[in-house]
Amino acid sequence: MKKAVPILLTLGLGAALLAGCSGSANNESGSAAAGNESGNNAAGGKVKLTAIITKHPLTEELAKMKWLQDAEDRAGVDIQWQEVTADWDQKKGALLAGGDVPDLIVGPNAISDADIAQFPGLFQDLTDLVAKDAPNVQAMFNDKPETKVIATQTDGKIYGLPKYQRFWPATATRQFINQKWLDHLGLKMPTTWDELFNVLKAFKDQDANGNGDPNDEIPMDFAPTGTGGFGYFQPTVLLGSEGITLTDGSGTGYFVEDGKVKNFLTDDRYKQMVEFLHKCYAAGLINPEVFTQDYTKFQSVARGTGDTAKVGFTWGWEVTDRFGNQLAPQYTSVAPLKVSADSTAKLSWDYDYNSLNYGSNMVVMSAKTKNKDAAMKFINELYDPKVSMQVLFGSLGTNIKDNGDGSYTVLPPADKNMDPGTWKWTSTWADNGPMYIADSLKLTLGTDMQSVGKQTEPLMGALGAVNPRTDVLPSMFIKYSTDDNNAMSLVNTNMMTLAIAKYSQWITKGGIENEWDGYVKNLEKIGLPNNLKIMQKYYDDYKSKA
Amino acid sequence: MVFPAIVVVLLFNYVPMYGIQLAFRDYDFTKGLTGGAWRGLHYFEQFVTNYMFADLMKNTVTISLATIILGFPAPIVLALILNQVKWRRAKKTLQTTVYLPHFISIVVMVGLLNVLLSPNTGIVGHILDWLGWGDFNMLASTRAFVPVYVLSDIWQHCGWNSIIYLAALSTVDPQLYDSAKIDGAGRWQTILHVDLPAIKPTIIILFILSMGNVLGTGFEKVFLMQNALNLPVSEVIVTYVYKIGIISNQFSYSAAIGLFNTLINFIFLVAMNAISRRASNISLW
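Residues numbered from 1 in each chain as written. Chains lettered and ligands numbered in written order. Predicted model: local features only at pLDDT ≥ 70, side-chain atom pairs only at ≥ 80, totals over all residues. Heavy atoms only, no water.

Asks: Help me understand the overall build of chain A, please; the structure alone is not making it clear to me.
Replies: Counting secondary structure elements, chain A contains 21 helices and 14 strands. Relative to the compact-globule value of 24 Å for 546 residues, chain A shows a C-alpha radius of gyration of 26 Å, a close match. With the principal axes as the frame, chain A shows a C-alpha extent of 80 × 65 × 65 Å. Here chain A, with 546 residues, has 56% of them falling under the buried criterion. When contacts within chain A are restricted to residue pairs at least 6 apart in sequence, long-range pairs at least 24 apart make up 75% of them. Distance from the positive charge centre (52 side chains) to the negative charge centre (65 side chains) of chain A: 3 Å. (Helix = DSSP H or I, 4+ residues; strand = E, 2+ residues; numbered from the N terminus. Rg over C-alpha atoms; globule rule 2.2 N^0.38 Å. Buried < 20%, exposed > 50% of the residue type's maximum accessible area, 1.4 Å probe, protein only. Contact = heavy atoms within 4.5 Å. Lys, Arg positive; Asp, Glu negative; His and termini not counted. Charge placed at Lys NZ, Arg CZ, Asp CG, Glu CD.)

Shown next, in the form of structure tokens:
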């Protein structure tokens, strides 16, 4: 008896632990299964579904979105949502490896092509379901054939549905300068790198913001560089001055020029840009914390204190988003700069039209879903022209006004303290939702989107000269085989570890002249040429079909 | 009575080990952990011949060894000092103060470092400025990364780790101190000849155990402290496994790297154990 007690305790504890572990992992499927079994005869004849959405941290609870409740009602489903705002990558790994996915997963590329290839049989092939239950999705495929290209995997099947949101500009990154500082110091708007350097130097030396402290100005600031690659709002857009058209931020350096896939990391023009940035850094013109601050700090620094601006020249999405409502009027958008007055390079800019307006795998369905037709009918509702508009901007009545004549207007925020962008992200799924905004929809946009358009105008000359067929890497439309994808991502991971470290080191400490050749050799050793060869093959293949 | 312990260890430590096969196979989701095609040492070869291999090993070993060499003696010294404090209330207060930082979570800790070391706004930044090293950004320097990592680690955990030595010191027979005094020993000599021999077995065992962690640099702190500028010294095996395994979905490859890491830890552990058994007859087994 004495011996039996601890043994029982141990076994009991072990069992409890095991139950605890599997319990947390299986929660989703447990309730899903229970929901589905009783689904068809539940009250009101509604089909119960489970779903995960990866939403923006600002976005309010889904239960408060009227358009969503209406869409669920019309599709005859009752969805139990799990709302994920952070650490999706880690959660996803556990979810997929465990094989227990909810009926629907919603979010931009929440399940990537690589995941679909890695976990065969986990997700539902939607090809037949779209034809049968989803006329709205079918309409999108017909009107915009490229959306079907985005959706179709290498095996010809469709697992995730894309989105098209039409209104977004051709680039995510705009270039801003403090016009008030320029006027205050009697300077002209810079048009070349050298002029920019002189303007920044004046910002630094002459108390540009006029608060009596000549040392609190930060002449240039850019978004933090992640350890995995470049992104938006970074000085890599200066490569446009040398004729390189970045695409979707060119996070790992790949771009297309005259139909050839290249990588700027080994390009002499990139070397020249880094040299220029080092010249600026050495002169104290770049925020010394530029490589160590996080995005929140990057944003808050630019918002200054009261009427006193801190930052002279920087990159961002939209002027109120970047500098806050109070300082925004001080800034203007700058056209792409030339390298020097006699430079003959064709000016270009970061071309992001595809990634801003299209999205892949916005919604996927589990292969185990009991009532696939009902789930597809709900998805179809999301692609309804009127619903899609509400997915993007919020409910009719509170966020969008129906003008009665078939046209609509996006209303200003109900909360007066919020800017329109923040309001949109708070009250609906916004860009994170599956949707199809037809080109024929008559909708007057909010002030934020109108001002984005206005601030993009100085860039339009350069962007208009970009030929999407020969100068843009159509990443979104190309599907790689699993083996190629794995091989390439391994090379990219190694390559970026070296490249990002060198990039930040060369800007802050210099030394690119001596290290360049060795660095290029190392990138080749890591496997860059092979990646370019693979990408060129797929790119040529894509072009021959499109 | 050992039986329950055996069950627990088997269940939680040995049963899950079947998963390491993943390092020798292609991971195939449809067939489970054990179903993919057998690749033998393919993934190990891939890692050893990887361009990053030398750097990863160097960084991992540097950070781990620095943590052990500087971090290991610190709690011993602290315990010996605390043991000399005779006023009970001062000793208690001191002890509590030094072990409180242990409870700060790593995320908060790195946040603190970011705030304190920021060259524009941090207090350390201002002190450096005052000393005339204004341009020195500790968070961004490849030279400062390891010292910042190790010193903040010592500051955080030294107090907590000293507890075990204090416990060992408390078992010393007071008569030994008295007789040492009668023999004319000063404070320094009591520490050298009474205190240290008393905690020697504890020191050796803990040292052997910590050697087993030579390549086990904690993931979170390194990962959180990583930025574009310190990447050449802060990319270690575990952060690389994260990038390859979780971000790039290469489970077999990351499993192989993880196993390789464990294997090296094991070799260090066995070697240290053997050395200490020869030298002082104190060993784990």
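Asks: Before we go on, may I ask you to explain the interface of chain A and chain B in this structure?
Replies: Contacts between the two partners involve 40 residues from chain A, matched on the other side by 38 residues from chain B. Summed over both sides, the interface of chain A with chain B buries roughly 3300 Å², with 65% coming from carbon and sulfur. In this structure, the connection of chain A to chain B is made through zero salt bridges. Counting the contacts that link chain A with chain B gives seven residue pairs in polar contact (both at pLDDT 80 or more). Elements with a minimum of two residues in the side of chain A that touches chain B: helix H1 (4-37), helix H3 (88-98), helix H4 (113-118), helix H19 (482-509) and helix H20 (512-526) of chain A. (Buried area = accessible area lost by both parts, 1.4 Å probe. Salt bridge = Lys/Arg side-chain N within 4 Å of Asp/Glu carboxyl O. Polar contact = N/O pair within 3.5 Å; in protein donor to acceptor, adjacent residues only side chain to side chain.)

Asks: For this particular structure, what's the right way to read the side chain of Arg25 of chain B?
Replies: Residue and element names in this part refer to chain B. By the element assignment, Arg25 lies in the loop between helix H1 (2-14) and helix H2 (42-48). Comment: no salt bridge for buried Arg25; closest opposite-charge side chain is Asp26, at 9.4 Å. Side-chain polar atoms of Arg25 contact the backbone oxygen of Gly36, separated by 2.9 Å. Aside from chain neighbours lying at most four places away, what touches Arg25 is Leu33, Thr34, Gly36, Ala37, Trp38, Arg39, Tyr43 and Ser252.

Asks: Sorry if this is basic, but what is going on with helix H15 (residues 385-393) of chain A here?
Replies: Residues spaced three or four apart along an α-helix point in a common direction, a consequence of the helix completing one turn every 3.6 residues. Residues and elements named next belong to chain A. Among the nine residues of H15, seven are classified as buried, and the element is accordingly described as predominantly covered. Among all positions in H15, only Val387, Ser388, Met389, Gln390, Val391, Leu392 and Phe393 are buried. Elements that come into contact with the buried residues of H15 comprise helix H2 (66-75), helix H14 (372-382), strand S12 (400-402), strand S13 (407-410), helix H16 (420-427) and strand S14 (442-444). Among the residues of H15, the N-terminal cap falls to Asp384, whose side-chain oxygen and the backbone nitrogen of Lys386 are separated by 3.1 Å.

Asks: How should unusual backbone geometry be read in this particular structure?
Replies: When glycine is set aside, most residues are seen to have a negative phi, and most peptide bonds are trans. Its identity as a non-glycine residue notwithstanding, Arg166 of chain A has a phi of 55 degrees, on the positive side. Mapped onto the elements, Arg166 of chain A comes out in the loop between strand S4 (160-164) and strand S5 (174-178). Phi at Asn281 of chain B is positive, roughly 65 degrees, even though this residue is not glycine. Among the structural elements, Asn281 of chain B can be located in the segment after helix H14 (251-280). Given the relative accessible area of 69%, Asn281 of chain B is considered exposed.

Asks: I would appreciate a short explanation of the packing of helix H9 (residues 174-182) of chain B against helix H10 (residues 187-211) of chain B in the present structure.
Replies: A pair of packed helices is captured by two measures, namely the crossing angle of their axes and the spacing between those axes. All names here are of chain B. Contact geometry for H9 and H10: axes closest at 10 Å, N-to-C directions at 145 degrees. As for how H9 packs across H10, the hand of that crossing is right-handed. Contact residues: Leu176, Tyr177 and Ala180 in H9; Thr190, Val194 and Asp195 in H10. Each residue belonging to the contact of H9 with H10 can be placed in one class, and the counts come to four nonpolar, one polar and one charged. (Axes fitted to C-alpha atoms, helices over the stretch in contact; angles between N-to-C directions. Left-handed = near helix turned anticlockwise from the far one by under 90°. Nonpolar A, V, L, I, M, F, W, Y, C, P; charged D, E, K, R; others polar.)

Asks: Looking at this model, I keep getting lost on the pattern of salt bridges. Mind explaining?
Replies: Where charged atoms from two side chains of opposite charge come close, those side chains can pair. Considering all chains together, one arrives at 22 salt bridges over all chains under this definition. Between Lys64 of chain A and Glu61 of chain A there is a salt bridge; the shortest N-O distance is 3.5 Å. Exposure remark for Lys64 of chain A: the relative accessible area of 54% places this residue in the exposed category. The class of Glu61 of chain A is partly exposed, set by a relative accessible area of 45%. In this structure, the salt-bridge partner of Arg39 of chain B is Asp26 of chain B, at a minimum N-O distance of 3.0 Å. With Arg39 of chain B in the loop between H1 and H2 and Asp26 of chain B in the loop between H1 and H2, this residue pair connects regions lying 13 residues apart in the sequence. For Asp26 of chain B, a relative accessible area of 23% gives the class partly exposed.

Asks: Explanation requested: the sheet that holds S12 of chain A in the structure shown.
Replies: The strands making up a sheet associate through hydrogen bonds between their backbones, and the pairing can be parallel or antiparallel. Residues and elements named next belong to chain A. One open sheet holds the three strands; their spatial order is S12-S13-S14, and the pairing between them is mixed. Looking at the sheet topology across the chains shown, the edges are occupied by S12 and S14. The average undirected angle you get between the axes of adjacent strands in this sheet is 25 degrees. As paired strands, S13 and S14 are joined by three bridges and run parallel to one another. Each residue of the ladder has a partner; that of Thr409, found in S14, is Thr444. (Pairing = 2+ DSSP bridges.)

Asks: Would you take a moment to explain the nonpolar core for this structure?
Replies: In summary, soluble globular proteins display a tendency toward joint burial of nonpolar side chains. By size, the foremost hydrophobic cluster in this structure holds 158 residues, and its most contacted members are Leu161, Tyr270 and Trp429 of chain A. Counting residues per element, this core draws most heavily on H19 of chain A, at eleven residues. Formed by 60 residues, the second largest nonpolar core is a distinct cluster that contains Phe47, Ile63, Val110 and Leu166 of chain B. (Core = buried A, V, L, I, M, F, W, Y, C linked by side-chain atoms within 4.5 Å.)

Asks: Which parts of the structure should I look at to understand the sheet that holds S5 of chain A?
Replies: Residues and elements named next belong to chain A. An order of S6-S9-S5-S10 is seen for the four strands of this open sheet, with the pairing classed as mixed. In this open sheet, the two edge strands, each paired with only one partner strand, are strand S6 (218-221) and strand S10 (331-333). Direction aside, the axes of adjacent strands within the sheet are offset by 20 degrees on average. Here S6 pairs with strand S9 (residues 311-316) via three bridges, running parallel.

Asks: Mind showing me how you'd approach the packing of helix H11 (residues 295-302) of chain A against helix H12 (residues 319-327) of chain A here?
Replies: Residue and element names in this part refer to chain A. Two numbers describe how H11 lies on H12: the axes approach to 8 Å, and their chain directions differ by 35 degrees. Crossing of H11 against H12: the hand is right-handed. Every residue of H12 that contacts H11 at Phe298, Gln299 and Ala302 is listed here: Asp321, Arg322, Phe323 and Leu327.

Asks: Explain the pairing of strand S7 (residues 254-257) of chain A here, please?
Replies: Every other side chain in a regular strand lies on the same face of the sheet, so the side chains alternate between the two faces. All names here are of chain A. Residues Tyr254 and Val256 line one face of S7 and the alternating positions Phe255 and Glu257 line the opposite face, and both faces are buried. In terms of strand pairing, S7 meets strand S8 (residues 260-263) through four bridges, oriented antiparallel. Paired with Tyr254 across the strands is Asn263, a residue of S8. The hairpin turn running from S7 into S8, its antiparallel successor, is two residues long, and Asp258 in that turn takes a positive phi close to 50 degrees.

Asks: Explain a nonpolar patch on the surface here, please?
Replies: All names here are of chain B. A contiguous nonpolar surface patch, about 1100 Å² in accessible area, is contributed by Ile106, Val107, Val108, Leu112, Leu116, Ile123, Ile127, Trp130, Leu131, Trp133 and Leu224. Counting residues per element, the ones that place at least two in the nonpolar patch are helix H6 (106-117) and helix H7 (123-130). By residue number, the principal contributor to the nonpolar patch is H6, which donates five residues. Mapped onto the elements, Ile106 comes out in helix H6. Take Ile106: its relative accessible area is 31%, and that puts it in the partly exposed class. (Patch = residues over 30% accessible without salt bridge, like charges linked within 9 Å, V, L, I, M, F, W, Y side chains within 5 Å. Areas by Shrake-Rupley, 256 points an atom, 1.4 Å probe, with all protein chains shown as cover.)

Keep in mind these values describe shape, not function.
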